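Structural characterization, general
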Amino acid sequence: MAKIVELEIKNFRGISSYHQRLNREVICFLGRGDSRKTTILDAIKAVLSPLWNHSFYDTDFFKLNSENPIEIIASIASIPESLLAEHKYGLWIRTLCRDTGIVTDDITKGDITVLTVKLTVGSDLEPSWTVINGRAENEISISANDRSKFNCFMVSDSIDGHFSWSKGSPLNSLLKVHTSEAPKKKIVLDAIREAKEKIDKADYAHYSGVMEAIQKQAVGFGLNLEEVQTTIDFKDINLHEGKVSLHKEDVPFRLMGKGSKRLASMAIQTAISREGGIVLIDEIEQGLEPDRVRQVARTLKDENKGQVIITSHSREVAVELEAKDLSVVCVNRNSGEVRSSFLDVDNSGLQGLIRACPDAFFSQKVIVCEGATEVGVCRALDVFRLKQGREPMTFNGCAYVDGTGHSFTDRALNTRKAGLEVSVLCDSDTDQDLKPQKKDLLAENISIFECEDGNSFEDQCFNDLPWEAIDELINYVLKVHNKTDESLLASVKAKYPGEFPENWRQADTPEVRSALAKVSVTKQKEWFKRVGHGEKLGEVIFKYFENMNGTHLHKILSQLDKWIG
C-alpha cells in the first residue's frame with residue numbers, strides 16, 4: 001500500500017512552512033479551528049492529485065504572494081511496482097531508514113524504498129509535478145495517470161463525484177483494483193442505443209401537421225423530406241460512463257443526508273486503502289452522532305490496512321484512537337509556520353489523560369486545575385473577561401481541565417510533554433509524598449499559580465475576600481446545602497479556637513475566617529468541591545475583585561489571567 005512517510009509544505013494558503021514525518025497508518029490531526037489542519041490535507045490531495053488540470057489561484061499562495069512559489073513535497077513508501085521500473089522512476093528512488101525514520105538519498109539494503117513527489121506552482125499558476133531526489137540534478141515529470149496509482153482521495157464537503165464511475169473517481173480506482181479485465185466501455189452506450197430505438201418508434205402525431213407543411217414547402221425548393229421523422233437527437237442524450245452512479249433504491253447517493261454521504265464515501269475509500277491507498281478525511285465527525293463517530297474512529301483504527309489521515313474537533317475521536325495516532329497542530333499566525341507534534345510520549349498515563357481530558361488536546365495552552373473548585377473558578381474567570389469586554393479563553397486557544405487532586409502534577413507533565421503550554425492552578429500543598437513534586441513542573445517550564453504556603457484554595461479565599469463577599473458565600477451555602485443557621489453555627493463553632501463570639505456573622509476576625517475555611521473543606525461535606533459550586537465561588541471572587549488588590553488571591557488570579565493572554 002502507498003503510504004506518505006514525510007511531508008513538506010511551503011507557501012500554500014495559510015502555511016508558510018510545515019515539515020513532518022508521517023510514517024504511520026492512522027494519523028489524526030487535532031487542533032484549534034484555523035490551525036491549518038484542513039490545509040495540510042488539501043496539500044496532500046494536491047501533490048498526489050490524479051488530475052492533469054488541477055487549478056490554482058493567487059489565493060492559494062501564502063499571503064497571496066505568487067512571487068514565492070508553492071512547494072509541496074511528499075515522500076511515499078510502498079510504491080506500486082509499475083512505477084519503479086527504470087523507464088519510469090526507478091532511477092529516482094530514495095530510502096526510508098528503518099532505524100531513524102529519515103528519508104535519505106543513500107540506497108541502503110534492507111531499508112524501505114521511497115519516491116519523493118514534488119508539486120511546484122509559480123506565478124503563472126501552472127502546476128508542475130515531478131519526482132525528485134538529491135542525487136540527480138534534473139527532476140523527472142510524473143504524469144496524472146501515474147499519480148492516480150497512489151489512490152489518494154479526500155472525504156470533505158464536495159464528495160458527490162465519489163459516487164459515479166467516472167475516470168479518476170474512487171469507485172473507478174476500486175474497480176481497477178478488483179478486476180484485471182478492461183472495463184466494458186460500451187455498457188452505457190449500448191443501453192442508450194437501445195433506448196433510442198424505442199424512442200424512434202414513439203407516436204409523434206402531435207407534430208404531424210407541422211411536418212406536412214414543411215414537406216410541401218420543401219418540394220418547391222427541390223428537397224425531398226418524405227422520410228423525415230420526429231425523434232430525439234443522439235447528441236442530446238448526454239450520457240456516458242461518468243453519469244452512471246450509485247443509487248439507494250431509486251435515490252442517487254448524492255441526494256442522501258450529509259452524514260450518510262460521508263460514511264458512504266469513507267466506505268468506498270477505505271475499501272481502496274485496504275488494497276493500497278491513502279484516505280484523507282476532513283472533520284470526520286461532521287453530520288454524525290457521537291456514537292457513530294466513535295464507531296467510525298474504531299473501525300478506521302482496527303480494520304484499516306492502508307493509510308488514513310484525518311482531522312477532527314471531536315473528543316469522541318480522540319478518546320477512541322491511541323495516543324500515538326494523535327498529532328496536535330499549532331500555527332504561528334504571524335509567520336504562518338505550522339508544526340504538529342505526535343503524542344507518542346512513552347508514558348502509560350498519557351492514554352488515561354486523553355480519555356479523561358480530551359478537550360486539552362484541541363488547545364494550544366492548558367490550565368490544569370487541582371480540582372473541581374479551581375475548574376469552577378476558571379469558568380468564572382472566563383465570564384469575568386467577557387464582562388470586561390475582553391476575549392474569552394478559547395480565543396487565545398486556552399482550555400482548563402480537572403487534575404483530580406494529587407494526579408494533577410502527572411497530568412500537567414504529560415500535557416506539557418505533548419507539546420502544549422501548561423500552567424497549574426492549585427493549593428500550596430505541603431504533602432511531601434506528592435510525586436512528582438512542583439519542582440518537577442518548574443523544570444518543564446510549567447507556570448504555577450498557587451496559594452500561600454499551607455493554604456488550600458478555600459483557605460486563601462476566606463483569608464483574602466472582603467467580609468461582604470464571605471457573607472454572600474455563607475448565604476449561598478445555607479441555601480444550596482440545605483443548612484440551617486443553627487447547624488452552620490455548630491459546625492463553625494466546632495472549628496473555632498477559644499470562646500466563640502455570639503455575633504460571629506458580623507465579626508470579621510482571622511479566627512472566624514479560619515474556622516469558616518476549615519468547615520468548608522470538611523470531608524464528605526465540602527462546600528465548593530463541585531464545578532458548579534466552584535463557579536459560584538469564582539463569581540463572588542470576581543464580583544469583589546477590584547477591592548482585593550494587594551491580596552495573594554488577587555495576585556495569582558491576575559497572573560493567571562495574564563498568562564491566558
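One structure accompanies this document, and this report is about it. Quick caveat: nothing in here was measured; it's all calculated off a predicted structure.

Across its full length, the chain carries 18 helices and 20 strands. In the chain, which comprises 565 residues, the proportion classed as buried is 48%. At a minimum sequence separation of 6, the contacts of the chain that also span at least 24 residues come to 71%. Accessible surface, the chain: about 28500 Å² in total, of which carbon and sulfur atoms supply 48%.

So, about the sheet that holds strand β14 (residues 307-312). Whether parallel or antiparallel, the strands of a sheet pair through hydrogen bonds between backbone atoms. Pairing is mixed in the open sheet, where six strands are placed in the order β10-β13-β14-β3-β15-β16. Either end of the sheet is taken by a strand with one partner, and the two such strands are β10 (152-155) and β16 (338-342). The mean angle between the axes of side-by-side strands here comes to 20 degrees, regardless of whether they run parallel or antiparallel. Sheet topology places strand β13 (residues 278-281) next to β14; four bridges connect them, and they run parallel. Bridge assignment links Val279 to a residue of β14, and that residue is Val308.

On inspection of all chains with the given rule, the structure shows seven aromatic pairs. Ring centres of Phe500 and Trp504 lie 6.1 Å apart, and the angle between their planes is 45 degrees; on these two criteria the pair is classed as tilted. A relative accessible area of 7% means that Trp504 is categorised as buried. With centroids separated by 6.2 Å and ring planes inclined at 85 degrees, the aromatic side chains of Trp527 and Phe528 adopt a geometry described as edge-to-face. Both residues of the pair, Trp527 and Phe528, count as buried. What links up through ring pairs into an aromatic cluster is the set Phe384, Phe542 and Phe545. Of note, Arg24 hangs over the ring of Phe342, and the distance from its end group to the ring centre comes to 3.7 Å.

Moving on to the pairing of strand β8 (residues 127-132). Of all six residues in β8, five are buried; the element is thus mostly enclosed. Once strand β7 (residues 112-121) ends, the chain turns through five residues before running back antiparallel as β8, passing Leu125 with a positive phi of about 65 degrees. For β8 and strand β9 (residues 140-141), the ladder comprises two bridges, and the chain directions are antiparallel. Bridged to Val131 within β9 is Ile140.

Here we take up the pairing of β7. Most of β7 sits inside the fold, with seven of its ten residues counted as buried. Judged from the eight bridges that link them, strand β4 (residues 70-77) and β7 form a sheet pairing that is antiparallel. Paired with Glu71 across the bridge in β7 is Thr120. Relative to β7, strand β5 (residues 94-96) runs antiparallel, the two sharing three bridges. The residue of β7 that forms the bridge with Thr95 is Thr113. Strand direction decides the pairing type here: β7 and β8, joined by six bridges, are antiparallel.

Conventions used here
- Residues numbered from 1 in each chain as written.
- Predicted model: local features only at pLDDT ≥ 70, side-chain atom pairs only at ≥ 80, totals over all residues.
- Heavy atoms only, no water.
- Helix = DSSP H or I, 4+ residues; strand = E, 2+ residues; numbered from the N terminus.
- Buried < 20%, exposed > 50% of the residue type's maximum accessible area, 1.4 Å probe, protein only.
- Contact = heavy atoms within 4.5 Å.
- Areas by Shrake-Rupley, 256 points an atom, 1.4 Å probe, with all protein chains shown as cover.
- Pairing = 2+ DSSP bridges.
- Axes fitted to C-alpha atoms, helices over the stretch in contact; angles between N-to-C directions.
- Phe/Tyr/Trp six-rings, centres within 6.5 Å; stacked < 30°, edge-to-face > 60°.
- Lys NZ or Arg CZ within 6 Å of the ring centre and 35° of its normal.

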